[in-house]
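Chain by chain, the residues:
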Amino acid sequence: MPAELDETQKMQVTRQARDCIAKANDALGCRLTLPDIRFDLRGRAAGQFCLSRGVLQLRFNSALFARYFEENLTRTVPHEVAHFLVYALFMKNGKKRVRPHGPEWQSMMRLLGATPETRHNFSLDGIPVRREQRFAWNCDCRTHSIAKRTHLRMLRGEQRVCISCGTLLQFPADGSDS
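Calculation criteria
- Residues numbered from 1 in each chain as written.
- Predicted model: local features only at pLDDT ≥ 70, side-chain atom pairs only at ≥ 80, totals over all residues.
- Heavy atoms only, no water.
- Phe/Tyr/Trp six-rings, centres within 6.5 Å; stacked < 30°, edge-to-face > 60°.
- Helix = DSSP H or I, 4+ residues; strand = E, 2+ residues; numbered from the N terminus.
- Buried < 20%, exposed > 50% of the residue type's maximum accessible area, 1.4 Å probe, protein only.
- Salt bridge = Lys/Arg side-chain N within 4 Å of Asp/Glu carboxyl O.
- Pairing = 2+ DSSP bridges.
- Arc of directions from axis to C-beta.
- Contact = heavy atoms within 4.5 Å.
- Core = buried A, V, L, I, M, F, W, Y, C linked by side-chain atoms within 4.5 Å.

Colleague: Can you help me understand the packing of aromatic side chains in this one?
Modeller: Between two aromatic rings, the relevant description is the distance of the centres plus the angle of the planes. A full pass over the atoms with the stated rule returns five aromatic pairs. Residues Phe-49 and Tyr-87 carry aromatic rings whose centres are separated by 5.8 Å and whose planes lie at 45° to one another, so their mutual orientation is tilted. Separated by 38 residues along the polypeptide, Phe-49 in strand S2 (residues 47-52) and Tyr-87 in helix H3 (residues 69-91) bring together distant segments of the chain. Like Phe-49, the residue Tyr-87 is buried in the burial classification. An angle of 40° between the planes, with centres 5.1 Å apart, marks the rings of Trp-137 and Phe-171 as tilted. Taken together, the positions of Trp-137 in strand S4 (residues 134-138) and Phe-171 in the segment after helix H5 (148-155) put the pair 34 residues apart, joining distant regions of the chain.

Colleague: Teacher, can you tell me more about the pattern of salt bridges here?
Modeller: Opposite charge on two side chains permits them to pair, given that their charged atoms come into close proximity. Summed over all chains, the structure comprises seven salt bridges. The partner of Arg-153 in a salt bridge is Glu-158, with the nearest N and O atoms 3.3 Å apart. Residue classification places Glu-158 among the partly exposed residues on the basis of a relative accessible area of 31%.

Colleague: Any chance you could explain the pairing of S2 here in plain terms?
Modeller: Walk down a regular strand and you will see the side chains alternate between the two sheet faces. Looking at chain direction, S2 and strand S3 (residues 55-60) are connected through six bridges and run antiparallel. Its bridge partner being in S3, Gln-48 is matched across the sheet by Arg-59. With antiparallel pairing between neighbouring strands as the criterion, S2 and S3 make up a hairpin whose turn holds two residues, including Arg-53 at a positive phi of roughly 55°.

Colleague: When you look at H5 in this model, what are you seeing that I'm missing?
Modeller: For the α-helix, the turn length of 3.6 residues means that residues three or four positions removed from each other point alike. When we look at burial in H5, the residues that qualify are Thr-150, His-151 and Met-154. Around the axis of H5, the buried residues are gathered within 105° of arc, so they sit on the same side. Where H5 is buried, its residues meet S4 and strand S5 (143-147). Just past H5, the residue Gly-157 takes up positive phi, approximately 115°.

Colleague: In this structure, what is going on with the nonpolar core? I would like to understand it.
Modeller: Most often, soluble globular proteins keep nonpolar side chains buried together rather than apart. Core analysis: the largest hydrophobic core is formed by 29 residues, its most contacted members being Val-13, Val-77, Val-81, Phe-84 and Leu-85. Only helix H1 (7-28), S3, H3 and helix H4 (103-111) provide two or more residues apiece to this core. No other element matches H3, which puts 10 residues into this core. Other than its neighbours up to four places away in sequence, Val-81 contacts Ala-17, Cys-20, Ile-21, Leu-58 and Leu-112.

Colleague: Explanation requested: H4 in the structure shown.
Modeller: Looking only at H4, the buried set comprises Glu-104, Trp-105, Met-108 and Met-109. Projected onto a plane normal to the axis of H4, the buried residues spread over an arc of 140° and lie on a single side. Set apart from the buried face of H4 by more than 90 degrees, the exposed residues are Pro-103 and Arg-110. Turning to H4, the residues buried within the fold contact H1 and H3. Just beyond H4, the residue with positive phi is Gly-113, at close to 80°.

In structure tokens form, the structure reads like this:
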């Protein structure tokens with residue numbers, strides 16, 4: 001079992017998130033409060049901002065944080081807080097759809113004094129990683145690898161369009177998957 005964060009480290013992560021939000025509040029003249037913080041994330045992701053059953057959450061991967069604590073404290077925490085800020089400032093109450101790492105998120109990262117990077121390059125050796133099942137869907141120009149959750153929504157009628165050729169994605173008639 002990989003090492004997990006101790007209580008002191010969890011308090012440091014919480015303090016870093018609180019400091020990021022305070023910095024944004026000062027710069028933007030708003031009064032946002034800290035979302036719930038959880039250390040239950042598993043797999044490849046170091047962190048995640050989500051809205052779960054009406055509760056805003058910042059979730060962190062305790063095993064990855066324990067192994068790469070300083071890097072995650074300075075990169076992952078501002079990254080996820082920036083997602084929270086974008087939600088609170090641009091998306092709450094259905095105001096606007098924004099790209100996950102689009103210009104709004106990038107500006108929040110800069111406001112927090114962080115580089116707008118979207119991926120970590122941490123070694124996942126010894127970290128439990130769940131592999132997501134994927135399915136092949138075709139357009140006129142190529143085959144797309146679609147995650148199971150999206151695949152199921154598409155089978156129920158949700159349509160996706162290829163951003164390269166503009167045609168609807170189609171599931172192969174023989175039902176083969178990758």
